[in-house]
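# Survey of secondary and tertiary structure
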Amino acid sequence: AQSVTQPDIHITVSEGASLELRCNYSYGATPYLFWYVQSPGQGLQLLLKYFSGDTLVQGIKGFEAEFKRSQSSFNLRKPSVHWSDAAEYFCAVGAVEYGNKLVFGAGTILRVKS
Amino acid sequence: GAVVSQHPSWVICKSGTSVKIECRSLDFQATTMFWYRQFPKQSLMLMATSNEGSKATYEQGVEKDKFLINHASLTLSTLTVTSAHPEDSSFYICSASPSGSFGELFFGEGSRLTVL
């Protein structure tokens, strides 16, 4: 069965520091990977996605993620965090075989301290 | 970018009543929409896949008679929580993708249901 693991429930970083949010997946089919961000009481906004090709994917708001098939990982990174990045981040996995049905990780809450 | 709108954004109802939540794709047609439920501080759990013009496909453990889904047009899906109870209180989120596309999922703002 497919699953997504985000090992860190909470992460706190200082403003201006670098950030890495971890995501590991288990998927039988060729995975397509996504990162979404959710502000409190809001829906989800797509940060970036990986389908194929270059394993380093650039997204919005200065985020990037790297797909590592050997490690079944798709970690999200940002070189310098801004206070406005405080939110909850979800990693998700899908496959063409399953249409647009996604499986989400548990989420990581990012806190930014000034 | 594409917009998906949910209404109402929050609703409070009495136990035993039914509540309808709408999900609209405002600038694209969506053959398929998805309904998720999110408990506090937890991830999104897929409840059902809403298919335009046909029956919804429910995930295991989701009561189809409890959560009625109707997808009568290419821009509107509705979720009705029937005979709501306090344990149905949750944040419900829908998503939609343009017909024929893959990976282009757009999420609504969510609807917070509180059942008293």
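Summarised in this report is the structure supplied together with it. Just so we're clear, the structure is a prediction, and the values are computed from it rather than from any experiment. (Residues numbered from 1 in each chain as written. Chains lettered and ligands numbered in written order. Predicted model: local features only at pLDDT ≥ 70, side-chain atom pairs only at ≥ 80, totals over all residues. Heavy atoms only, no water.)

Each helix and strand in chain B was counted, giving 0 helices and 11 strands. When the helices and strands of chain B are placed in sequence order, the string is β-β-β-β-β-β-β-β-β-β-β. Since a compact globule built from 116 residues should have a radius of gyration of about 13 Å, the 13 Å found for chain B is in line with a globular shape. Counting only C-alpha atoms and orienting by the principal axes, one finds that chain B spans roughly 40 × 25 × 20 Å. Across the 116 residues of chain B, 49% fall into the buried class. Taking as baseline every contact in chain B between residues at least 6 positions apart, the subset at least 24 positions apart corresponds to 54%. When the accessible surface of chain B is split by element, carbon and sulfur atoms take 53% of a total near 5,600 Å². In chain B, 9 positive and 10 negative side-chain charges are present, and the distance between their average locations comes to 7 Å. (Helix = DSSP H or I, 4+ residues; strand = E, 2+ residues; numbered from the N terminus. Rg over C-alpha atoms; globule rule 2.2 N^0.38 Å. Buried < 20%, exposed > 50% of the residue type's maximum accessible area, 1.4 Å probe, protein only. Contact = heavy atoms within 4.5 Å. Areas by Shrake-Rupley, 256 points an atom, 1.4 Å probe, with all protein chains shown as cover. Lys, Arg positive; Asp, Glu negative; His and termini not counted. Charge placed at Lys NZ, Arg CZ, Asp CG, Glu CD.)

Our focus in this paragraph is the sheet that holds strand 1 (residues 4-7) of chain B. Residues and elements named next belong to chain B. Read from one edge of the open sheet, 4 strands run 1-3-8-7, paired in antiparallel fashion. Of all strands in the sheet, those bounded by a partner on one side alone are strand 1 and strand 7 (67-73). The average undirected angle you get between the axes of adjacent strands in this sheet is 15 degrees. Two elements, strand 7 and strand 8 (residues 76-81), share 5 bridges in a ladder whose sense is antiparallel. Pairing of S73 across the sheet is with L76, part of strand 8. (Pairing = 2+ DSSP bridges. Axes fitted to C-alpha atoms, helices over the stretch in contact; angles between N-to-C directions.)

Moving on to the packing of aromatic side chains. Considering all chains together, one arrives at 15 aromatic pairs over all chains under this definition. When the ring of Y50 of chain A is compared with that of F67 of chain A, the centres are 4.6 Å apart and the planes differ by 25 degrees; the resulting orientation is stacked. In this pair, Y50 of chain A sits in strand 6 (residues 44-50) while F67 of chain A sits in strand 8 (residues 64-68), placing the two residues 17 residues apart along the sequence. F67 of chain A sits in the buried class, given a relative accessible area of 5%. With a centroid separation of 5.6 Å and 45 degrees between ring planes, the pair formed by F63 of chain A and Y89 of chain A is classed as tilted. With a gap of 26 residues between them, F63 of chain A in the loop between strand 7 (56-58) and strand 8 and Y89 of chain A in strand 10 (residues 87-94) connect regions that are remote in the sequence. Through successive ring pairs, a cluster of aromatic residues spans Y32, F34, Y36, F51, F90 and F104 of chain A together with Y36 and F107 of chain B. (Phe/Tyr/Trp six-rings, centres within 6.5 Å; stacked < 30°, edge-to-face > 60°.)

The next subject is the side chain of Q38 of chain A. Relative to the helices and strands, Q38 of chain A resides in strand 5 (residues 32-38). Judged by its relative accessible area of 6%, Q38 of chain A is buried. At a separation of 2.7 Å, a polar atom in the side chain of Q38 of chain A contacts the main-chain carbonyl oxygen of Q42 of chain A. When residues no more than four places from it in sequence are discounted, the contact partners of Q38 of chain A are G43, L44, A87, E88 and F90 of chain A together with Q38, F91 and I93 of chain B. (Polar contact = N/O pair within 3.5 Å; in protein donor to acceptor, adjacent residues only side chain to side chain.)

Residue-level contacts link 20 residues of chain A with 20 residues of chain B. Here chain A packs against chain B, burying approximately 1,700 Å² in sum over the two surfaces, 58% of which is carbon and sulfur. A per-residue breakdown of the area chain A buries against chain B is headed by N100, K101 and F104 of chain A, which together make up 35% of the total. Where chain A packs against chain B, one counts 1 salt bridge. Between the two partners, chain A and chain B, sit 4 residue pairs in polar contact (both at pLDDT 80 or more). Those elements that provide at least two residues to the side of chain A that touches chain B are strand 5 and strand 6 of chain A. Of all the elements, strand 5 of chain A adds the most residues to the side of chain A that touches chain B, at 4 residues. Of the residues that constitute the side of chain A that touches chain B, the class distribution is 11 nonpolar, 7 polar and 2 charged. (Buried area = accessible area lost by both parts, 1.4 Å probe. Salt bridge = Lys/Arg side-chain N within 4 Å of Asp/Glu carboxyl O. Nonpolar A, V, L, I, M, F, W, Y, C, P; charged D, E, K, R; others polar.)

A few words on unusual backbone geometry. Of note, the amide linkage connecting H7 of chain B to P8 of chain B takes the cis form, showing an omega dihedral of 0 degrees. Inspection of the secondary structure assignment puts P8 of chain B in the loop between strand 1 and strand 2 (10-13). Backbone geometry at K61 of chain A places phi at a positive 60 degrees, although glycine is not the residue there. Turning to its location among the elements, K61 of chain A is positioned in the loop between strand 7 and strand 8.

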